[in-house]
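# Observations on the model geometry
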Amino acid sequence: VSIVNGWDAIYNHKKLWMMYTDKWVQLEVLNSDLTHLMSAPAVDQGKLNDIRARFIKIRTDLNSEWLDMKSVN
């Protein structure tokens, strides 16, 4: 039991699962928005730039959350 508790303290599987699931859902929404945008007759470069900015934010936020979680342990 102590080995399992130690392993969970290091990796915190529940929090990791929650973080990755949240980001996965955000990426699915982003993908849906991108698919919708690309189905338009003409692609609006401003909207495409917004989608790219959202992607970078999702990725950066995930990395920050992971670093914060690891710095506590």
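Residues numbered from 1 in each chain as written. Predicted model: local features only at pLDDT ≥ 70, side-chain atom pairs only at ≥ 80, totals over all residues. Heavy atoms only, no water.

### Topic: helix 2 (residues 13-38)
What counts, and what does not: The helix and strand labels rest on DSSP assignments: H or I over at least four residues marks a helix, E over at least two residues marks a strand, and numbering proceeds from the N terminus. Helix span, expected: 1.5 Å multiplied by one less than the number of residues in the helix. Note on exposure labels: buried denotes an accessible area under 20% of the residue type's maximum, exposed denotes more than 50%, and partly exposed covers the range between, all computed with a 1.4 Å probe on protein chains only.
Under the 1.5 Å per step criterion, the end-to-end length of helix 2 is 36 Å for 26 residues, consistent within 8% with the ideal 38 Å. The set of residues buried in helix 2 consists of Leu16, Met19, Lys23, Leu30 and Leu37.

### Side note on the pattern of salt bridges
Test applied: A side-chain nitrogen of Lys or Arg and a carboxyl oxygen of Asp or Glu constitute a salt bridge if their distance falls within 4 Å.
Under the counting rule described, the total for this entry stands at four salt bridges. Taking the shortest distance from any N to any O, the salt bridge between Glu65 and Lys23 comes out at 3.1 Å. Highlighted residues: Glu65 in helix 3 (residues 45-72) and Lys23 in helix 2, separated in sequence by 42 residues. Its relative accessible area of 29% is what places Glu65 among the partly exposed residues.

### Brief notes about the environment of Ser71
Using the following cut-off: Pairs of N or O atoms are called polar contacts if they sit within 3.5 Å, as long as, within protein, a hydrogen donor faces a hydrogen acceptor (for residues adjacent in sequence, only side-chain-to-side-chain pairs).
Mapped onto the secondary structure, Ser71 falls in helix 3. Judged by relative accessible area, Ser71 falls into the exposed class, the value being 56%. In terms of polar contacts, Ser71 uses its side chain to reach the backbone carbonyl oxygen of Asp68, at 2.9 Å.

### A few points about the confidence of the model for the protein
Heads up, the condition is: The predictor rates its confidence in each residue with pLDDT, a number between 0 and 100.
Taken residue by residue, the protein gives an average pLDDT of 88. The fraction at 70 or more is 84%. Across the protein, element-level confidence peaks in helix 2 with a mean pLDDT of 94 and bottoms out in helix 1 (residues 2-11) with 64.

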